[in-house]
Amino acid sequence: MNTIRFILNNHEITTTEHPATTVLDFVRRSAHLTGTKEGCREGDCGACTVLVGERKGTDSTASVEYISANSCLLPLGDMQGKHVVTVEGITLAAQSAPNSSQPSLNLVQQAMADEGGAQCGFCTPGFIVSMTGYSLTAQNLTSEGMTQAIDGNVCRCTGYASIKRAIDRVITELADSPLADSPSHDEQRISRLVRKRLLPDYFVAIPERLSVLQERIKTDVANNGAGLVHTAKFAIGGGTDLFVQKPEALLKSHVQLLGSPRAPIMRVHDEDGWCVMDARTPVADVLASPLVQSHIPQMQKFLTLFASTPIRNRATLGGNINNASPIGDMTAILLALNTELTLLAPDGTERRVLLRNYYKGYKTLDRKPDEIVEMLRFKLPDDDTVFNYEKVSRRTYLDIASVNTALQLRLKEGTITEAHASAGGVAAIPLYLAETVSYLIGKHISTETFLEAASIAVSETSPISDARGSTDYKRLLLRQLFYAHAVSLFPKKLNVGTFVS
Ligand SMILES: Cc1cc2nc3c(=O)[nH]c(=O)nc-3n(C[C@H](O)[C@H](O)[C@H](O)COP(=O)(O)OP(=O)(O)OC[C@H]3O[C@@H](n4cnc5c(N)ncnc54)[C@H](O)[C@@H]3O)c2cc1C
Ligand code: FES
Ligand code: FES
C-alpha cells in the first residue's frame, strides 16, 4: 500500500489507507473531525464540502489554488501533496482570537450565526466552507458570485433569506479590502483574508509546507515506485460518477488515479486552431477558459447548467464521455463540436477516434479495457460558425438532463457548409444526429430548414419511457429544443412564431 501525505487543516497527515477511501470517511472516522457532515453521499446536498488546495508552479513564488469539493466523492489518494481544509480548519486559532482561549468563529461563521443562517446546523459547515472557498478564489468578490458558489449546498430548514443576508454581510466586510486587485490564490490575498479574520494565519505558510511535503513524496516515489497501475480495475478521473455508482467495489480494487499530478496537466489550449484539452480537465476549467470563451461565448452559460460548483471542480471531460451516460452535458456539447479523442494504451501506443464513432451500444465503447482517453481536441469555431446548446431537466440547476441537444453550423452567405448535431436522453447512447447533419449541409437558413431538420432529428431517435419522461414526451422535447436552436441562433432571420405551435 502506498503512503499518502497531505496537510489536513494545520496538520501533516501520513496514511496508508486505501486510495479510494473517501475524504469524508477519512476526516470523520480517522481524523475525528466531525464538523464535515455526511448527508446523501451522492454529491447532492453539499453538507460534506471541503476545500482542496494544490500548489501551482514549481518555483519559490508558487501559490496554492483552492477548489471546493464534495468530500463524499473525493478519493483520499488524490489528496497526495495537497492541502485539505474542513470547517474546523477555517476556525480562527486561539491566539488570533482576542480575549479567548477557545478557537473563535471566522468572518463567515460569525455572519451565519449573527444573521440566523442556521437552524439544525447540519448543512451549515458545507455552506461556510463554500463561502470561504469563494473568498479565496473569486476574481471579484460579489454577493451574486458568492450566492452562485453555494449552488451545491442545500438547506432544508433555515431558508435562504438569512443565508443570503450572511453573504451580503461577508461581502460588505471584505469590501474595503482591495481583494479584487490581487490575483486569486496569491500570497497577498491570503494575508489580507487573514487580517480580515476570514482565514486563520497558518494559511500563510501552506505553500512552503506543501513544497517541503512534495519533496518527501518524491523520496517515497524514489524508494517505492509511483504505485500507479495502468491496468487497474478502475481508472478514476474526478470520481463524481464512480463514487456514486461503485463506492464499495472501489475499496476492494486496484485503482488508477488519473488526476494525480504525475505529469504537467495540459488543460485547455490552442494548437494550430484546435482546442486541445487534457481528458483530466475538470468541467470548471472549460467554463473558465478564456480560449473557449473567445470562440464560444455562451459556453459559460451552458456549463452553469452542469451540476454544481463543487461537482464541476472535480468532474472531468474524460469521465463525462467514458461514463457514456446518454444524457451527459459535456458529451452532447463535444459531439456537436466534432471532437476527436486520443486514446493511450499501456505500451504508449496512441490512436485517434472521433467521439461520434466512440459509442457502439449502451455503455459499450470503442476502447480496450486497458486504454485511457488521454486528450480531446476540436476545431475552434471561426467567425462563420455558430454553436448552441439546449438542456431540459426537471429543475434548472443541479439536475441531469431529461433531453439535451447541441448544434454547430458553419455558414457561407446564408448556406450551411458544415454541420454537427447531437441529442441526449433519446437513445441508449449519446447520439450524433448523422441524418440530420447530412440533411442540413447545403441548405439555406430558413424556418422550413429547421422544421424539417427537427423532424429528421426526432426520426433518428429511439427514446424509452422512464422517470424522466415518456417516449412521446422526449420526442416532443427534442423537437422543441431543435426549434430553440433556431430561435437562439437566428432570432432576426427566422419567423420565430412558426415554432410556437
Ligand atoms: C450531484 C451530481 C450532479 C451531476 N450532474 C451532472 C450534470 O448536470 N451533467 C452531467 O453531464 N453529468 C452530471 N453528473 C455526472 C458526473 O459528474 C459527470 O459525468 C462527470 O463528468 C464524470 O467525470 P468524473 O471525472 O468525475 O468521472 P469518474 O467518476 O472518475 O469516472 C467515470 C467513468 O469514466 C472512466 N474514466 C474517467 N476518466 C477516464 C479517462 N481519461 N479515460 C478512460 N476512462 C475514464 C472511469 O473509469 C469511469 O468508468 C453529476 C454527478 C453528480 C454526483
Ligand atoms: S454527503 Fe451530500 S454531497 Fe456529500
Ligand atoms: S439548517 Fe438545517 S438543513 Fe440547513
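About the thresholds
- Residues numbered from 1 in each chain as written.
- Chains lettered and ligands numbered in written order.
- Predicted model: local features only at pLDDT ≥ 70, side-chain atom pairs only at ≥ 80, totals over all residues.
- Axes fitted to C-alpha atoms, helices over the stretch in contact; angles between N-to-C directions.
- Helix = DSSP H or I, 4+ residues; strand = E, 2+ residues; numbered from the N terminus.
- Parallel < 35°, antiparallel > 145°, perpendicular 65-115°, else oblique.
- Left-handed = near helix turned anticlockwise from the far one by under 90°.
- Contact = placed C-beta atoms within 7 Å.
- Domains from an automatic or database assignment.
- Nonpolar A, V, L, I, M, F, W, Y, C, P; charged D, E, K, R; others polar.
- Near = placed C-beta within 6 Å.

**Q** Go over the packing of helix 2 (residues 107-114) against helix 3 (residues 124-137), please, and point to the residues and values.
**A** Interaxial distance between helix 2 and helix 3 falls to 9 Å at its minimum, and their mutual angle equals 130 degrees. By the criterion of interaxial angle, the relationship of helix 2 to helix 3 is oblique. Of the two possible hands of crossing, helix 2 and helix 3 adopt the one that is right-handed. Only Thr124, Phe127, Ile128, Met131 and Thr132 of helix 3 make contact with helix 2, whose side of the interface consists of Val108, Gln109 and Met112.

**Q** An account of the domain arrangement of the chain is requested, with residue identities and associated values reported.
**A** A common measure of how large an interface is: the accessible area buried when the components associate. You can read the domains of the chain as domain 1 (4-56 + 63-85 + 225-257), domain 2 (94-203) and domain 3 (268-499). Contacts between the two partners involve 16 residues from domain 1 and, on the opposite side, 16 residues from domain 2. For the side of domain 1 that touches domain 2, the secondary structure elements donating two or more residues are strand 3 (49-56) and strand 4 (63-70). Counting residues per element, the side of domain 1 that touches domain 2 draws most heavily on strand 4, which supplies five residues. Residue composition of the side of domain 1 that touches domain 2, by class: seven nonpolar, seven polar and two charged.

**Q** Talk me through the site of ligand 1; I want residue IDs and the actual numbers.
**A** For ligand 1, the set of nearby residues contains 32 residues, the closest of which are Gly43, Gly237, Gly238, Gly318 and Gly319. Sorting the residues of the shell around ligand 1 by element identifies strand 6 (234-236), helix 8 (242-245), helix 13 (309-314), helix 14 (317-322), helix 15 (329-336) and strand 14 (372-379) as the ones contributing at least two each. Sorting elements by how many residues they give to the shell around ligand 1 places helix 14 first, with four residues. Classifying every residue of the shell around ligand 1 gives 15 nonpolar, twelve polar and five charged. Mapping the shell around ligand 1 onto the domain boundaries places at least three of its residues in each of domain 1 (4-56 + 63-85 + 225-257) and domain 3 (268-499).

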